[in-house]
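Coordinate analysis (summary)
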Amino acid sequence: MDFSPLSGNPPHVKHELVVRVFLSPFRVEHVETPEHGEQPNYKDGIIPGHFKEHEIHYILGLLEEYHKDSNNNRLQKWPDSKWIQFRSILKLKVEQIWNVLWARPSEGMENVWMRYLAATKGYKSSVVPSLKLDLNLKLVNLPSEADVRILCLNTTTRFRSRMSLSWVQGGSFGILDWYDIYTYEYEGNIINCDAAHEFGHYLGFSHVAANIEGNPYPAIGAKPGDTEEYGITEHQRGNVMGMGTRVEPWNAAPWLRHIQRHFSGPEKPKFVAYVQNHH
Ligand SMILES: [Zn+2]
């Protein structure tokens, strides 16, 4: 997490959540669904040391599921150029979708915010700066440097991606496929991008209509795994934590929780989040 200096016009403070990401390519040349019902050897595609034994066990289970789902599933080694493309587009796309959130101090709290900025940044203007809430994916070169390790599949059909959330023993891991970095149309009006959704899970979000406290649409009564969890109405499904890419003010919760910790005095300003595309 990082508070960067005041910049821009009007001035704003950048509040970044930094996630160190290690991407591990599936490396076997060609894994084709064999005839006569034998299991392909997926394990050779996973680079030893990048994932823990229990994670590999879980991943192999998912790959077998994928194998059963269709007769046409193929996993291929990443050609160098495609791998480079995947890495850069992943970062670009996820940040582009998430980085539309802003916040300002709630009414009556501007003075607390301004005193804080004067004390910590030497800020002297009378203009109340907004907060720009950003997600920064840092692609790192070693699994040991990462907050999250992701197995990346060069698939010929879509794979159902996952992201685990763990803050113990080396952090989270996930699975993404080639298609996840792209936006595509879902149900006509809804634009989907699985990678952005999976990083939403990493930030701590459940699905948009999951029946949990703090969820904006909790009255649905969906059970984990139900498709209803992804949203009942089209509006709900359009959220990044449904089937879409729309980020809403309630998605600012991970940043707003952090910000409270910067105020150690008796007065902790609340912030109001809003969405604004920046160009
Ligand atoms: Zn999900």
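My aim in this report is to walk through the structure given alongside it, one point at a time. Because the structure is a prediction, the values reported are computed rather than measured.

What follows covers the overall build of the protein. Counting its regular elements, the protein contains six helices and twelve strands. With 279 residues in all, the protein has 33% of them scored as buried. Restricting to contacts in the protein with at least 6 residues of sequence separation, those with at least 24 account for 66%.

Running from N to C, helix H2 (residues 80-98) and helix H4 (residues 194-202) cross one another at 70°; their axes reach a closest spacing of 9 Å. One finds that H2 runs roughly perpendicular with respect to H4. For the pair H2 and H4, the crossing hand works out as right-handed. Here Leu90, Lys93, Val94, Ile97 and Trp98 of H2 lie close against H4, whose contacting residues are Ala195, Ala196 and Phe199.

In this section: the environment of Ser7. Inspection of the secondary structure puts Ser7 in strand E1 (residues 2-7). The exposure class assigned to Ser7 is exposed, which follows from the 11 C-beta atoms found within 10 Å. Each C-alpha atom, one on Ser7 and one on Pro129, is 9.2 Å from the other, the two residues being 122 residues apart in sequence.

Parameters at a glance
- Residues numbered from 1 in each chain as written.
- Predicted model: local features only at pLDDT ≥ 70, side-chain atom pairs only at ≥ 80, totals over all residues.
- Helix = DSSP H or I, 4+ residues; strand = E, 2+ residues; numbered from the N terminus.
- Buried ≥ 20, exposed ≤ 12 C-beta atoms within 10 Å, placed from the backbone.
- Contact = placed C-beta atoms within 7 Å.
- Axes fitted to C-alpha atoms, helices over the stretch in contact; angles between N-to-C directions.
- Parallel < 35°, antiparallel > 145°, perpendicular 65-115°, else oblique.
- Left-handed = near helix turned anticlockwise from the far one by under 90°.

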